[in-house]
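# Secondary and tertiary structure notes
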Amino acid sequence: MVTTSQVLIGAHDIVKSFAGFRALDGVNFGVREGSVHAVIGPNGAGKSTLLGVLSGFVPATSGQVTIADVDTTRLDAASIARMGVVRSFQISSIFPHASAIENVKIALQARSRLSWQMIAPARASDVFDVAAASALAAVGIEGDRATPAANLAYGKKRALELAIAIAQEPKVLLLDEPTAGMGAEDIEKTIALIGSIARARTVVLVEHNLRAVEHLCDRVTVLARGKVLAEGSYDEVRGDERVIEAYLGGTAH
Ligand SMILES: Nc1ncnc2c1ncn2[C@@H]1O[C@H](COP(=O)(O)OP(=O)(O)O)[C@@H](O)[C@H]1O
Ligand SMILES: [Mg+2]
């Protein structure tokens, strides 16, 4: 069992009900500082809901969320992002007509603690320009800075999501299926990218690609029907009979 002081972000007896249906049903989950922690499990297991609860986008029905031992259960997503816990954006939140770099800048401006009216707009734009350019470079799409987001190939759109997240310099990055829908080549690139992002951060990774999990993750939590089914190293959980059953039981893909 992980002691409280090692846990950077934790869920304690979390229940999340949607109209009486328990998407999360008493989840305990602790992520050690500096680790890459995978959350796997069949569709509908509650993985995205858990990321939502941790990041403040989804209010828990009961239970507690802590970040570095501070109770953040009732904080909203903006406050939690300011504490350094950032959930990656989905493609649907990208502005299609804005360029790649404008998309990163828009996200930075929206989340900036400074009210942008307080600094001269031109200067604010310069500050964000540097941060946004370096985030694009970190995910390898700096050559597409002026390309409208809608014109980016699928893999580059997913890279832009990551750039938007890392531009905010998170301590904890929550990634929801970053390789979903990608071809083999983009999956390899994304695994390498997450590996390099993770060097300086704590990462929670919801992922179906088990190669990515094996490659990147220090610890794996298996969710099924809103409950933690197993937790351990990749090798420990993949040999667990309940895990095999959950995956082969007809709900996995
Ligand atoms: N906003 C919502 N309203 C109603 N039901 C939801 C909502 N979000 C998720 N659920 C339900 O909660 C369960 C868990 O969903 P989710 O966390 O998205 O699972 P996963 O990410 O593991 O596939 C599913 O049955 C889903 O239909
Ligand atoms: Mg999901």
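Definitions and limits used
Residues numbered from 1 in each chain as written. Chains lettered and ligands numbered in written order. Predicted model: local features only at pLDDT ≥ 70, side-chain atom pairs only at ≥ 80, totals over all residues. Heavy atoms only, no water. Axes fitted to C-alpha atoms, helices over the stretch in contact; angles between N-to-C directions. Helix = DSSP H or I, 4+ residues; strand = E, 2+ residues; numbered from the N terminus. Left-handed = near helix turned anticlockwise from the far one by under 90°. Contact = heavy atoms within 4.5 Å. Nonpolar A, V, L, I, M, F, W, Y, C, P; charged D, E, K, R; others polar. Core = buried A, V, L, I, M, F, W, Y, C linked by side-chain atoms within 4.5 Å. Buried < 20%, exposed > 50% of the residue type's maximum accessible area, 1.4 Å probe, protein only. Domains from an automatic or database assignment. Near = heavy atom within 4 Å. Polar contact = N/O pair within 3.5 Å; in protein donor to acceptor, adjacent residues only side chain to side chain. Areas by Shrake-Rupley, 256 points an atom, 1.4 Å probe, with all protein chains shown as cover. pLDDT = per-residue confidence, 0-100. Pairing = 2+ DSSP bridges.

### Concerning the packing of helix α3 (residues 100-111) against helix α5 (residues 154-167)
Taken N-terminus to C-terminus, the directions of α3 and α5 make an angle of 35°; their axes are 9 Å apart at the nearest point. For the pair α3 and α5, the sense of crossing is right-handed. The segment α3 lies against α5, with A100, N103, V104, A107 and L108 engaging L160, A163, I164 and A167. Residue composition of the contact of α3 with α5, by class: 8 nonpolar, 1 polar and no charged.

### Structural notes on the nonpolar core
Counting residues in each nonpolar core, the largest one holds 47 residues, and the members touching the most others are V104, L136, V139, L160 and V220. When residues of this core are assigned to their parent elements, the largest contribution, 8 residues, is made by α5. No fewer than three residues from each of domain 1 (1-84 + 170-253) and domain 2 (92-168) sit in this core. Discounting residues that sit within four places of it in the chain, V139 has contacts with A159, L162, A163, I166 and L193. The next biggest cluster of nonpolar side chains, apart from the first, holds 25 residues, and it includes I9, V39, V58 and V65.

### A look at the site of ligand 1
Looking at ligand 1, the residues that line it are F18, F21, A23, P42, N43, G44, A45, G46, K47, S48 and T49. One of the backbone nitrogen or oxygen atoms of A45 is found 3.1 Å away from an oxygen atom of ligand 1. Within the side chain of S48, one N or O atom sits 2.9 Å away from an oxygen atom of ligand 1. A total of 560 Å² of accessible area belongs to ligand 1 in isolation, and the protein chains cover 58% of it. Only β2 (21-32) and α1 (47-55) provide two or more residues apiece to the shell around ligand 1.

### Description of the confidence of the model for the protein chain
Low pLDDT means the predicted coordinates in that region are not meant to be read closely. Of all residues in the protein chain, 89% attain a pLDDT of 70 or more, and the chain-wide mean is 89. For the protein chain, per-element mean pLDDT is lowest for helix α9 (residues 241-248), which scores 81, and highest for strand β4 (residues 62-67), which scores 98.

### A word on the sheet that holds strand β3 (residues 36-40)
On the basis of which strands lie adjacent, the open sheet formed by 6 strands has the order β6-β7-β8-β3-β9-β10 and mixed pairing. The outermost strands of the open sheet, each flanked by one partner alone, are β6 (85-87) and β10 (227-232). Neighbour-to-neighbour, the strand axes of the sheet open up by a mean angle of 15°, direction not taken into account. In the packing of α1 onto the sheet, contacts are made with β3, β6, β7 (172-176), β8 (202-206) and β9 (219-224), and the angle to β7 comes to roughly 155°.

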